[in-house]
Amino acid sequence: MTHYRVNSPNVIHEIIDGEAVLVNLESGSYYSIDSVGAVVWDYLEQGLSPGQIVEAIAAQFAGESATIAAGVEQLLAELQAEQLIVPGDAITANGHSAAVNGAANGTAKPLFEAPVLHKYTDMEDLLLLDPIHDVDESGWPNTNPNNA
Amino acid sequence: MLNSIKPTASVEPIQHPDPVGFLADTYEFFQHVSQKVGGALNQFYNVHGHLIQLSFAGPALTRITPALAHWAVEKPAGRPALTIHLWDDASTGTKMPPPPWLGYGVRASNGGLQGVYGKRGEVRGFNTDRIRTIFQWGSNVLSIVDIQHGQAIFWTRDAAQLPQWEIGSPLRNILHLWLHEQGLQYVHAGAVGTPAGGVLLVGKGGSGKSTTALTCLNSDLVYVSDDYCLVSPDPAPMALNLYNTGKVRADNIHRVPHLAPVISNVDKLDQDKALFFLHRFMPGKLATGFPLKAILIPRVTGRVDTTLTPAPAMTGLSALTLSTVHQLPGAGPAALQLIKRLTDQLPCYYLELGTDLAQIPRVIKAMVID
């Protein structure tokens, strides 16, 4: 299976508060991936192959193997289509065993949710659509500063 | 009773969002609130030559102004470039009408219906080149800015419930969106130096920006910010002050003991960062701005000495762009271009922070003078 690497230096990226924030300097577009997707991005950065990423995600999240493989492969395809990753040489990924071992810490595994790549190109698309927020009788959301 | 906006078949996508009409209706409601409380209380601020008027319906929200107090001016003869209308429901005994998007979803690119609120609070359908509408999660603040006409709305349910970060760096969304149109980019960065030149401190929260900047207050360096400031790339890179505040985690106060006597919120350190208003206690340390000589990325090393290590130029661009984009609604490609023009002109270094804090300002000063 094809290996990938981050398309540096054209792409700058960082994981902030569990969200991978990516900017393609050539196009000016920027992107974010939450949750599982941010973990996938972290593994890509470590040099894991797609197969190793699927294996590591399956060790970390609860879900059907086929569902996890399909979700990861779909994300990789989207990342490649956006030129955020490009095919690269296979490398020995020292982070692989650490990643898998790190997941086996005895706590219940969170449920796998297919990662979604959010793209922002202009004002309308600046919206990373959020989970639905409840509103009270005033019609306005009322969020807790500590949970926002 | 909760009235959730659910992406179900019973929720319709909003068809004809009218951000201009929403702003007009909201302004009309402000006028109603203002009359109810006996008229607006107006304050004026001259921020880098831009006259800004804050028009309060009731005094409750004036609690956000100390961070901007160093820009305050008497009522000027000229017309403000930006007027912000501020009120809350709780202190005025009023009730903001529900938003026009209540009960509607939006059609997502995959065809499904989703909520109208964005991750960073953007309200879908109510953001155009002219009008920006943000609902800030956590502080529950509605901000609307009419970029073209210099009018803005700042509303929240209860001024007393605003989190500390709205006091330390108030009006973030409105100022960020409006000042960008004036060529000033609001960024997540600290800045310290001498009047002749200084450095930008970049990196995500917890990387050491605040500790570095506040440590420099105990030296002969001047201070522009520890967290949020303005930058301008033209004609030469500049860092410009916006707020007169500094803040540090309570468990880091021992690193800046010179600031312990001037903590403004001693009674809340169990839940908030320590907040300082430098304008009150160290006005001579506060600089309006300085030319930038370099970008520094603080890194905690655990070693004794503080040193500088050259860093790839991309590292500074990356750190500054990503932490800014992550936090500020509407920070898009235009902001990226402005930041890139700035970072392209500056060398970048890792500031390898040592445990002997007195070395930090000396290393920065030597680099700036050099």
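All of these numbers come straight from a predicted model, not from anything done at the bench.

Draft legend 1. The arrangement of the confidence of the model for chain A in detail. Residues and elements named next belong to chain A. Of the residues in chain A, 74% have a pLDDT of 70 or more, and the chain-wide mean is 78. When mean pLDDT is compared element by element in chain A, helix H2 (residues 50-60) scores highest at 95, while helix H4 (residues 95-103) scores lowest at 44. Contacts from residues 95-104, a stretch scored under 50 in pLDDT, to residues over four places away or in other chains number 15 contacts.

Draft legend 2. Spatial organisation of helix H1 (residues 19-36) of chain B. Residues and elements named next belong to chain B. For H1, which comprises 18 residues, the first-to-last C-alpha distance of 26 Å matches the rise-based estimate of 26 Å (1.5 Å per residue) to within 8%. If you check which residues of H1 are buried, you get Phe22, Leu23, Phe30 and Val33. Angular distribution of buried residues about the axis of H1 spans 95°; they occupy a single face of the element. In H1, the exposed positions that point more than 90 degrees away from the buried face belong to Gly21, Glu28, Gln31, His32 and Gln35.

Draft legend 3. Structural detail: the domain arrangement of chain B. Residues and elements named next belong to chain B. Under the domain assignment used here, chain B contains domain 1 (12-181) and domain 2 (185-369). The gap between the C-alpha centroids of domain 1 and domain 2 is 28 Å. Taken together, the contact between domain 1 and domain 2 spans 21 residues of the former and 22 residues of the latter. Among the secondary structure elements, those contributing two or more residues to the side of domain 1 that touches domain 2 are strand S8 (131-136), helix H3 (164-168) and helix H4 (172-181). The greatest single-element share of the side of domain 1 that touches domain 2, amounting to six residues, is contributed by H4. For the side of domain 1 that touches domain 2, the residue count by class is nine nonpolar, nine polar and three charged.

Draft legend 4. Highlighting the pairing of strand S13 (residues 197-201) of chain B. Residues and elements named next belong to chain B. Where burial is concerned, most of S13 is hidden: four out of the five residues are buried. Both strand S12 (residues 190-194) and S13 contribute to a ladder of five bridges, which runs antiparallel. The partner of Gly193 across the bridge, within S13, is Gly198. If you look at the hairpin formed by S12 and S13, you'll find two residues sitting between the two strands. Here S13 pairs with strand S19 (residues 289-300) via four bridges, running parallel. In the strand pairing of S19, Leu200 is matched with Ile295.

Draft legend 5. Region of interest: unusual backbone geometry. Here the residue pair Asp234 of chain B and Pro235 of chain B is connected by a cis peptide bond, since its omega of -5° sits within 30 degrees of zero. Inspection of the secondary structure puts Pro235 of chain B in the loop between strand S15 (228-232) and strand S16 (238-240). Look at Ser35 of chain A: it is not a glycine, yet its phi comes out positive at around 50°. Take Ser35 of chain A: there are 17 C-beta atoms within 10 Å of it, and that puts it in the partly exposed class. Its identity as a non-glycine residue notwithstanding, Leu171 of chain B has a phi of 60°, on the positive side. By the element assignment, Leu171 of chain B lies in the loop between H3 and H4.

Draft legend 6. Structural view of the environment of Asp42 of chain A. Residues and elements named next belong to chain A. Note on placement: Asp42 falls in helix H1 (residues 35-46). Judged by C-beta crowding, with 17 C-beta atoms within 10 Å, Asp42 ranks as partly exposed. Spatially, the C-alpha atoms of Asp42 and Asn142 are 33 Å apart, while their sequence positions differ by 100 residues.

Draft legend 7. Up close: the environment of Phe154 of chain B. Residues and elements named next belong to chain B. Among the secondary structure elements, Phe154 is positioned in strand S10 (residues 151-156). For Phe154, a count of 26 C-beta atoms within 10 Å corresponds to the buried category. Residues Phe154 and Gly38 lie 116 residues apart in sequence; the distance between their C-alpha atoms is 19 Å.

Draft legend 8. Here's a closer look at the packing of H1 of chain A against H2 of chain A. Residues and elements named next belong to chain A. Where H1 contacts H2, the two axes come as close as 10 Å, and the packing angle between them is 140°. Judged on the interaxial angle alone, H2 and H1 are oblique. Viewed along their axes, H1 and H2 form a crossing whose handedness is right-handed. Counted together, Val36, Val39, Val40, Tyr43 and Leu44 of H1 and Ile53, Ala56, Ile57 and Gln60 of H2 form the full contact between these two elements. Of the residues contributing to the contact of H1 with H2, the split by class is eight nonpolar, one polar and no charged.

Draft legend 9. Inspection of the nonpolar core at higher detail. In this structure, Val40 and Ile57 of chain A together with Val199, Cys229 and Ala239 of chain B are the most contacted members of the largest nonpolar core, which totals 138 residues. Each of domain 1 (12-181) and domain 2 (185-369) of chain B gives at least three residues to this core. Leaving out residues up to four positions away in the same chain, Cys229 of chain B has contacts with Val187, Ala189, Ala191, Val224, Ala239, Leu240, Asn241 and Leu242 of chain B.

Conventions and cut-offs
Residues numbered from 1 in each chain as written. Chains lettered and ligands numbered in written order. Predicted model: local features only at pLDDT ≥ 70, side-chain atom pairs only at ≥ 80, totals over all residues. pLDDT = per-residue confidence, 0-100. Helix = DSSP H or I, 4+ residues; strand = E, 2+ residues; numbered from the N terminus. Contact = placed C-beta atoms within 7 Å. Expected span 1.5 Å × (residues − 1). Buried ≥ 20, exposed ≤ 12 C-beta atoms within 10 Å, placed from the backbone. Arc of directions from axis to C-beta. Domains from an automatic or database assignment. Nonpolar A, V, L, I, M, F, W, Y, C, P; charged D, E, K, R; others polar. Pairing = 2+ DSSP bridges. Axes fitted to C-alpha atoms, helices over the stretch in contact; angles between N-to-C directions. Parallel < 35°, antiparallel > 145°, perpendicular 65-115°, else oblique. Left-handed = near helix turned anticlockwise from the far one by under 90°. Core = buried A, V, L, I, M, F, W, Y, C linked by C-beta atoms within 7 Å.

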